[in-house]
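Here are the chains, one letter per residue:
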Amino acid sequence: MRARLLATLLFTLAMVPLAWATHNRAGEIIVCWTGQGLIYEATIITHCKLSAPADRPELTLYWGDGTSTTIQRAPPVDDTARDLRRNSYTALHTYTGPGTYTLSFDDQNRNAGVVNVPQSVSQSFCVKTQLVISAFAGNNCSVRFLKEPIQDACVNRPWIHNPTAYDADGDSLSYEPVVCLGLGCMPINGYQYPNEVNGSNGASYTIDPLDGTIRWENPQVLGEYNIAFKVHEWRRKDGQLIHMGWVTRDMQVTVKPCTNNPPQVSEVADTCVVAGTFLTFPVQASDPDGNSITLDALGQPFVLTSSPASFVSPSPAPSVTGIFNWQTNCSHVRLQPYQVVFNAVDNDPEVQLEGYSTVNITVVAPAPQNPSATPNGSAIDLAWEQSVCSNAQGYLIYRRVGSYGFVPGHCETGVPAYTGYSLIATVNGAGTTTYSDNGALVVGSQYCYMVVAFFADGAQSYASVEFCAILDRQVPVLTHVSVGETSTSTGIDTVRWSNAYDLDTLARPGPYQFKLYRGTGFDLAQDLVYTSTVHPFLAHPDTEFIDLGLNTRDEAHVYRVDFFGRADEPEPDFIGSTSVASSVYIGLVPNDEQLTVQWTLNTPWSNTLYEVYRDIGGTWTLVGSSSTGNFTETGLSNGQEYCYLVRSTGSYGNPDIVSPLLNFSQEVCGIPVDLTPPCAPTVDIDNDCETPLNTLTWNNPNDSCTDDTYQYRIYFAQGPDGPFTLVGNVVGAENTLFTHTDGSSVSGCYQVTAVDTVGNESAFIEPVCGDNCPQYELPNVFTPNGDHSNDLFIPFPYRGVRSIELTVYNRWGLTVFETVDPAILWRGTFKDTEERLPDGVYYFVCNVVYARLAGDEVVQLKGYVHLLGGGTAPFQN
């Protein structure tokens, strides 16, 4: 009687999935900050078969913080013609603080007969959403979809779909295909992407990572398919790109027999529009089969609360033109573009197919108007008109020496780095429209400015026009610090400066005098090294000094000129100082058959060119030039000495000051040495999961990019993200093969590096990975009678298993054996004793963990085993 009850219980448990079956077709979870504290609202959305016996008046949502809520369903929306019910379940939740939370729900079961989901009627339906609440980037709302997740496709015809996702926060989006999830929200074992199903004949299945358009080229096999994808959110904050979470959508596509072709929508180029501009353009669509099509448009611009966009949909016809209209305003300004999806649907009587075209529209704030720059003593006062966009957070102020002539290109916001402008200030508040630039400006230089309005999400307006000013030259200007001799004790610097020709001589009368100060390095000049003669006129002739007895080989030198009036009086009138200027100081960085010349300097003028000379046979010969801070000469011989110097070319950008300004560095010598590792080998893997054995082969770097590879190092990790540990060495550049297993597993990833004769090792590159084809089967009979044949209950075949949990029960439900050893080795005895169990039928439950590259995979095995040749007396407890 007890055996019959156990059998009945097991049969009932086996039938549980069928009682709840055949309903879940699609779903997602959306979540959004309510605007109060850390309170978030989440909604589970599911689509199920209306005809299914299962119904869900409530579902349990797991919030990702260890808590869950059972949520009552809102009134469902039924579509009887499509056998479809849309359910939604909404609840509020308060989180305790910033963090990353993965929301999920797991519901039995999926509908039956899904082609690419094995035994779909027995598979659970799970979707996840990751919510990031960032202390740095702020609260968050997840993406939402404007297209439903139940779609039809035609066999042997392209299927195209765009979910039309948008993010209310203005975060940028990216898309990736993922495997559908089942019980425990784990990837479904045996799931196949639509193009992997037997009979697909090479059909391709892709999702555009930027606009989310899904293309399944010519599906071959009829039936229902489930596909899933993640939509990631990215937010730019203070120059950093921050991942703000993702939403997974699991959707269903039904491939039906038909001869229809999808309509085609003309491409519309991405564009930018100045806030306040009325944007309008036509969109054309046509149907290759001559079917009438309906053209519509979807996207966030149509659901905005302020001045939403509109689309004039034409009457259905085989060829149609619709009109997009949008009166933009400043509330639409944001960093990320608005995506608009144009959707054409034909009226084919068998299956209505769709065509898509997407366009990105960026709304940009106009440039600040009427800027001005006015010299004011040692400062320059800036002013501009307030931005017409009152939601601007403030202004960014950029400066450079000399004019660039920048005119923004279409969609080119802010001030690009290639202009040579640098950000010097940020002023907050849309009404703050003045700034005084007193940041160590150099007399004589022309300073040019541009102003940009910025917004809360990091968006920037177009840049203002350039506007420039020159400080009056009321103090001298250094123009020359050039090394004339390189030595540790007899080095020479030549220093020159120009007179203060804009000085008001009535207010600051002569006679005039200069004092020259020197320092070591690039910043401070404190040691008086020269005092000029006294001269009655402003055009003082004494504006050069030859500085002798220096250590110019090991040190840079920096200079400053102080300027005095009434120099013949006991207390001369200190008028002012020049900015400091240093010599050009160079160093060498050796590498394999090359030397890199690097230089450092501090000058008040702008240097635009550096010419590099090398001593070749006693003559300084130009070997290269650079506009940055270094130059590398290649093709040299290791072990041989080479000597260099650099000449800089610069200017103040002021036509009244001599130009170009030419200055030489000291001389420096160095010897190339091999510090360069070989290039990384290109590795292939033969992943034989049945033997099991991984065989790695790679190219010899000596055949392509180096000539001194000596050995290889092989590293292994259980996944592509590491950590990688050394598992082998192969000596000899020509030996390019290595075999490996991780116990009985061939799941894992490898890196192979090349090492040269002096120990330089190549870098890690993209790893190569193998995976298990795990197998674990248990016999249904064994005979522990001591004849050495089938004496043990053991798995066969057995490979790719990380661990197990096996429990064996007798017919009364008593546990008689347990183990976590994948080899099992059960001798038919009671637990860990030597007491033999009687012959009979025993029931087992075995949770098997397969080692897989994508992560451990859990499979549960249930069954019976016949024990024959054991004890003779019944055993029970």
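Participant: Looking at this model, I keep getting lost on the pairing of strand β43 (residues 606-616). Mind explaining?
Facilitator: Taken together, the eight bridges between β43 and strand β46 (residues 642-651) define a ladder with antiparallel strand orientation. Bridge pairing in β46 places Val-612 opposite Val-646. As paired elements, β43 and strand β44 (residues 619-626) share seven bridges and run antiparallel to each other. Paired with Ile-616 across the two strands is Thr-619, which belongs to β44. Counting the residues between successive antiparallel strands, the hairpin from β43 to β44 contains two residues, one of them, Gly-617, with a positive phi of roughly 60°.

Participant: Whenever I open this one, the pattern of salt bridges confuses me. Can you help?
Facilitator: Where charged atoms from two side chains of opposite charge come close, those side chains can pair. Under the criterion given, the structure shown has 29 salt bridges. Here Lys-49 ties to Glu-224 by a salt bridge, and the two come within 3.3 Å at their closest N and O atoms. Here the residue Lys-49 occupies a position in strand β2 (residues 39-49), and Glu-224 occupies one in strand β16 (residues 223-237), the gap between them amounting to 175 residues. Exposure remark for Lys-49: the relative accessible area of 18% places this residue in the buried category.

Participant: Explain a nonpolar patch on the surface to me, please; I cannot follow it from the model alone.
Facilitator: Residues Ile-671, Val-673 and Leu-675 make up a contiguous nonpolar surface patch of about 240 Å² in total accessible area. Tracing the sequence through the fold places Leu-675 in the loop between β48 (668-670) and β49 (683-688).

Participant: I keep staring at the nonpolar core and nothing clicks. Help me out?
Facilitator: One finds Phe-281, Phe-324, Phe-342, Ile-361, Ile-380, Tyr-449 and Trp-497 to be the most contacted residues of the largest nonpolar core, which totals 74 residues. When residues no more than four places from it in sequence are discounted, the contact partners of Phe-281 are Val-268, Gly-322, Ile-323, Phe-324, Phe-342, Val-359 and Ile-361. Counting residues in each nonpolar core, the second largest holds 30 residues, with Val-178, Val-197, Tyr-225 and Val-255 among its members.

Participant: Would you take a moment to explain the sheet that holds strand β60 (residues 815-819) for this structure?
Facilitator: Sheet strands associate in pairs through backbone hydrogen bonding, adopting either a parallel or an antiparallel arrangement. Taken together, five strands build an open sheet; the order of strands is β57-β62-β61-β59-β60 and the sheet is mixed. In this open sheet, the two strands that pair with only one neighbour each are β57 (781-782) and β60. With four bridges joining them, strand β59 (residues 801-809) and β60 adopt antiparallel strand pairing. If you follow Val-808 over to β60, its bridge partner there is Phe-817.

Participant: What is the right way to read the sheet that holds strand β26 (residues 372-376) from this model?
Facilitator: Here we have three strands laid out as an open sheet, ordered β26-β27-β30, and antiparallel in their pairing. The sheet terminates laterally at β26 and β30 (434-437), the two strands that pair on one side only. Neighbour-to-neighbour, the strand axes of the sheet open up by a mean angle of 20°, direction not taken into account. Note: β26 against strand β27 (residues 379-383), five bridges, orientation antiparallel. For Ser-372, the partnering residue across the bridge sits in β27 and is Ala-383.

Participant: I keep staring at the side chain of Thr-362 and nothing clicks. Help me out?
Facilitator: When you line up the elements, Thr-362 lands in strand β25 (residues 354-364). Once residues lying within four places of it in the same chain are set aside, the contact partners of Thr-362 are Thr-271, Cys-272, Val-273, Arg-334 and Pro-337.

Participant: Help me understand the state of the cysteines in this model?
Facilitator: Applying the stated criterion to the full structure yields ten disulfides. Here Cys-643 pairs with Cys-669 through a disulfide, and the sulfurs are 1.9 Å apart. Since a negative S-S torsion denotes a left-handed disulfide, the Cys-643-Cys-669 link at about 105° is right-handed. Of this pair, Cys-643 sits in strand β46 while Cys-669 sits in strand β48, and the two are 26 residues apart along the sequence. Residue Cys-643 is classed as buried on the basis of its relative accessible area, which comes to 17%. Of the residues examined, Cys-669 reaches a relative accessible area of 39% and is grouped as partly exposed. Cys-773 provides the cysteine sulfur closest to Cys-846, a residue in no disulfide bond, and the two sulfurs are 18 Å apart. Overall, the relative accessible area of 0% leaves Cys-846 in the buried class.

Participant: Hey, could you run me through unusual backbone geometry in this one?
Facilitator: With the exception of glycine, the majority of residues adopt a negative phi angle, and the majority of peptide bonds are in the trans configuration. Cis peptide bonds are those with omega within 30 degrees of zero, and the linkage from Ser-659 to Pro-660 qualifies with 0°. Relative to the assigned elements, Pro-660 resides in the loop between β46 and β47 (661-664). With an omega of 5°, the peptide bond between Gly-722 and Pro-723 qualifies as cis. Within the secondary structure, Pro-723 sits in the loop between β51 (709-717) and β52 (725-731). Despite not being glycine, Gln-119 shows a phi value in the positive range, around 45°. As for its placement among the helices and strands, Gln-119 is situated in the loop between β7 (99-108) and β8 (124-133). A relative accessible area of 64% means that Gln-119 is categorised as exposed. Look at Leu-825: it is not a glycine, yet its phi comes out positive at around 55°. Within the fold, Leu-825 resides in the loop between β60 and β61 (840-850).

Participant: Explain the packing of aromatic side chains to me, please; I cannot follow it from the model alone.
Facilitator: The geometry of an aromatic ring pair is captured by the separation of the ring centres together with the interplanar angle, meaning the angle of the planes. Taken as a whole and judged by the stated rule, the model has 38 aromatic pairs. Measuring from ring centre to ring centre gives 5.4 Å for Phe-564 and Phe-574, while their planes differ by 55°; the resulting arrangement is tilted. Note that Phe-564 is positioned in strand β38 (residues 557-565) and Phe-574 in strand β39 (residues 573-577), a separation of ten residues in sequence. Residue classification places Phe-564 among the buried positions, given a relative accessible area of 13%.

Participant: Help me understand the environment of Trp-234 in this model?
Facilitator: Relative to the elements of secondary structure, Trp-234 occurs in strand β16. Through-space distance from the C-alpha of Trp-234 to that of Gln-336 is 10.0 Å; in sequence the pair is 102 residues apart. Apart from the residues lying within four places of it in its own chain, the contact partners of Trp-234 are Asp-171, Ser-172, Leu-173, Ser-174, Leu-241, Ile-242 and His-243. One polar contact links Trp-234 to Ser-174, side chain to side chain, over a distance of 2.9 Å.

Cut-off values and rules
- Residues numbered from 1 in each chain as written.
- Predicted model: local features only at pLDDT ≥ 70, side-chain atom pairs only at ≥ 80, totals over all residues.
- Heavy atoms only, no water.
- Pairing = 2+ DSSP bridges.
- Helix = DSSP H or I, 4+ residues; strand = E, 2+ residues; numbered from the N terminus.
- Salt bridge = Lys/Arg side-chain N within 4 Å of Asp/Glu carboxyl O.
- Buried < 20%, exposed > 50% of the residue type's maximum accessible area, 1.4 Å probe, protein only.
- Patch = residues over 30% accessible without salt bridge, like charges linked within 9 Å, V, L, I, M, F, W, Y side chains within 5 Å.
- Areas by Shrake-Rupley, 256 points an atom, 1.4 Å probe, with all protein chains shown as cover.
- Core = buried A, V, L, I, M, F, W, Y, C linked by side-chain atoms within 4.5 Å.
- Contact = heavy atoms within 4.5 Å.
- Axes fitted to C-alpha atoms, helices over the stretch in contact; angles between N-to-C directions.
- Disulfide = S-S within 2.5 Å.
- Phe/Tyr/Trp six-rings, centres within 6.5 Å; stacked < 30°, edge-to-face > 60°.
- Polar contact = N/O pair within 3.5 Å; in protein donor to acceptor, adjacent residues only side chain to side chain.

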